[in-house]
Amino acid sequence: MKREENIGGQAVYEGVMMRRGLNLAIAVKNSQGEILVEKYQLQSFLKKWLNFPFLRGLVILMDSLIWGIKALNYSINVSSPSDEKIDENWGIFFAFLLSIVLFIALFIVLPLLIIKPVEKFISSLIILRLLEGLARLTIFIIYLLFVSKIKEIYRVFQYHGAEHKTVLCYEAGENLTVENCRKFSRFHPRCGTSFLLVVMIISILIFSLLGKQSFIERIISRVLLIPIIFSVSYEIIRLASKYRDFLLWRILILPGLWMQYFTTKEPDDSQLEIAIRALKEVLEEDATPKLSSEASEYRE
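Fair warning: this is a prediction, and the values are worked out from it, not measured in the lab. (Residues numbered from 1 in each chain as written. Predicted model: local features only at pLDDT ≥ 70, side-chain atom pairs only at ≥ 80, totals over all residues. Heavy atoms only, no water.)

Chemist: Could you give an account of the side chain of Ser221, naming the residues involved and the relevant values?
Modeler: Tracing the sequence through the fold places Ser221 in helix α7 (residues 215-241). Here Gln213 takes part through its side chain, which lies 3.5 Å from a polar atom of the side chain of Ser221. Within polar-contact distance, the side chain of Ser221 engages the side chain of Arg222 at 3.3 Å. Each residue touching Ser221, except ones within four places of it in the same chain, is listed here: Leu210 and Gln213. (Helix = DSSP H or I, 4+ residues; strand = E, 2+ residues; numbered from the N terminus. Polar contact = N/O pair within 3.5 Å; in protein donor to acceptor, adjacent residues only side chain to side chain. Contact = heavy atoms within 4.5 Å.)

Right, here's the structure in full:
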């Protein structure tokens, strides 16, 4: 029997984070080969924002980003030797700052620089914004191809595949075993990769409405519009997920599934075992996890 509830997840360094409602678990393999688990019971004081369209997308995005960085930081500390531990608060701060700077540099400034030489030959703003969007998508693919060559990142992508296989196995109503999870696809329609693709498409549409701007004005306007673009994209994904059995939805998610060829890799059995452990931990209702003041509705 298929299960309808949504389970979210994220690959981390040598492990997987799983999330079900307000339950969160991070399973990580340490340097001795042991699987360590950290569990949290999230508080629901942010839940009131989920009733406000567009605002909820931004709240959920920020919450997911913060918890994703926390999980990544925890996984690095667990899987690294004791003398290489990093401070959690500073690690979260610098990771958050670096992600913002990298996003602006690669996906806002660089696409504008790439199309700048051809602007004088094209009068249509729609065509220019389309070229900008294509440049952004190309940069994204090249970036993924480059980082996937790094051994540690490649393993994270394997854990990403393990996360998807495990969630699909659970949603199909099958027992969570390595043998059962192994036969499922590493591509999942609710993956964050699909969300980023929607973000890029929405950005093309919104940026085409801005009219003529100087180079600096374009950079500033794009940075300021990031919250709006993410909020609109979230609402589209939320609406489309309600009709995921329709043919149109299946067609719309195809590009996102194709993108997962870059962001997921086939996992080995030990990685599937860790993903299964993380999912089983969030499914245990009688466990006593740590309390946290954070909360969210999770989108994978």
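Chemist: Which residues make up the pattern of salt bridges, and what are the values?
Modeler: Scanning the model with the defined rule gives 14 salt bridges in all. Among the salt bridges present, the one from Arg19 reaches Asp63, with a minimum N-O distance of 2.9 Å. With Arg19 in strand β2 (residues 15-20) and Asp63 in helix α1 (residues 55-79), the pair connects residues that are 44 residues apart, well separated along the chain. Across this residue pair, the class does not change: Arg19 and Asp63 are buried. Between Glu132 and Arg136 there is a salt bridge whose closest N-O contact spans 2.7 Å. Highlighted residues: Glu132 and Arg136, both in helix α3 (residues 125-147), separated by four residues, approximately one helical turn. Assessed through its relative accessible area of 6%, Arg136 is described here as buried. Salt bridges here are not isolated pairs; linked through shared partners, they connect Arg129, Glu132, Arg136 and Arg222. (Salt bridge = Lys/Arg side-chain N within 4 Å of Asp/Glu carboxyl O. Buried < 20%, exposed > 50% of the residue type's maximum accessible area, 1.4 Å probe, protein only.)

Chemist: Residue-level account of the packing of aromatic side chains, with values.
Modeler: Tallied over the entire structure, the rule returns seven aromatic pairs. A centroid spacing of 6.5 Å and a plane angle of 85 degrees characterise the contact between Phe107 and Tyr143, whose relative ring orientation is edge-to-face. Of the two residues, Phe107 is situated in helix α2 (residues 88-115) and Tyr143 in helix α3; the sequence distance between them amounts to 36 residues. Among the aromatic residues, ring-to-ring pairing joins Phe103, Phe107, Phe140, Tyr143, Phe195 and Phe230 into one connected group. For Lys70, the ring lying beneath its charged end belongs to Trp67, and the centroid distance is 4.5 Å. Positioned above the aromatic ring of Phe207, the side-chain terminus of Arg222 is 4.4 Å from the ring centre. (Phe/Tyr/Trp six-rings, centres within 6.5 Å; stacked < 30°, edge-to-face > 60°. Lys NZ or Arg CZ within 6 Å of the ring centre and 35° of its normal.)

Chemist: Go over unusual backbone geometry, please, and point to the residues and values.
Modeler: Phi angles above zero are rare outside glycine, and Glu14 is one such case at about 55 degrees. Position of Glu14 relative to the elements: it lies in the loop between β1 (8-12) and β2. We classify Glu14 as buried; its relative accessible area is 13%.

Chemist: A description of the packing of α3 against helix α9 (residues 254-263) should follow, citing residues and the corresponding values.
Modeler: The geometry of α3 relative to α9 is characterised by a closest axis approach of 9 Å and an angle of 35 degrees between their N-to-C directions. Here Leu137, Phe140, Ile141, Leu144 and Leu145 of α3 come into contact with α9, specifically with Met259, Phe262 and Thr263. (Axes fitted to C-alpha atoms, helices over the stretch in contact; angles between N-to-C directions.)

Chemist: So, the pairing of β2: which residues are in play, and what are the values?
Modeler: Here is the key point about a regular strand: its side chains alternate between the two faces of the sheet. A large share of β2 lies buried, amounting to six of its six residues. Every second residue of β2 is oriented toward a common face, with Gly15, Met17 and Arg19 on one face and Val16, Met18 and Arg20 on the other, all of them buried. With five bridges joining them, β1 and β2 adopt antiparallel strand pairing. The partner of Gln10 across the bridge, within β2, is Met17. Between β1 and β2, which pair antiparallel one after the other, the connecting turn spans two residues, and Glu14 there sits at a positive phi close to 55 degrees. Direction of pairing for β2 relative to strand β3 (residues 23-29): antiparallel, over a ladder of six bridges. Bridged to Arg20 within β3 is Asn23. Hairpin connection of β2 to β3: two residues between the antiparallel strands, including Gly21 at a positive phi of 60 degrees. (Pairing = 2+ DSSP bridges.)

Chemist: Account for helix α10 (residues 269-283), with residues named and values stated.
Modeler: Side chains three or four residues apart in an α-helix point the same way, a direct result of the helix having 3.6 residues per turn. End to end, α10 covers 21 Å across 15 residues, agreeing with the expected 21 Å (1.5 Å per residue, within 8%). All buried positions along α10 are accounted for by Gln271, Leu272, Ile274, Ala275, Ile276, Ala278, Leu279, Glu281 and Val282. The secondary structure elements touched by the buried residues of α10 are β2, β3, β4 (35-42), α4 (151-171) and α5 (178-182). (Expected span 1.5 Å × (residues − 1).)

Chemist: Describe the environment of Ile201, with residues and values.
Modeler: Here Ile201 lies in helix α6 (residues 192-207). Once the C-alpha coordinates of Ile201 and Leu137 are considered, the two residues, 64 residues apart in sequence, prove to be 9.4 Å apart.

Chemist: How would you explain α3 if you had to name every residue and give the values?
Modeler: Taking 1.5 Å of rise per residue, 23 residues should cover 33 Å, and α3 covers 33 Å from first to last C-alpha, within 8% of that figure. Turning to α3, its buried residues number three or more, namely Leu128, Arg129, Glu132, Gly133, Ala135, Arg136, Ile139, Phe140, Leu144 and Val147.

Chemist: Pulling in residues and values, what's your account of the nonpolar core?
Modeler: With 24 residues, the main nonpolar core has Ile7, Val16, Met18, Leu176, Cys181 and Leu279 as its most contacted residues. Sorting the residues of this core by element identifies β2, β3, α4, α5 and α10 as the ones contributing at least two each. Residues contacting Leu176, with those up to four places away along its chain left out, are Thr166, Cys169, Tyr170, Cys181, Ile276, Leu279, Lys280 and Leu283. In this structure, Ile60, Ile108, Phe207 and Ile237 belong to the second largest nonpolar core, which totals 15 residues. (Core = buried A, V, L, I, M, F, W, Y, C linked by side-chain atoms within 4.5 Å.)

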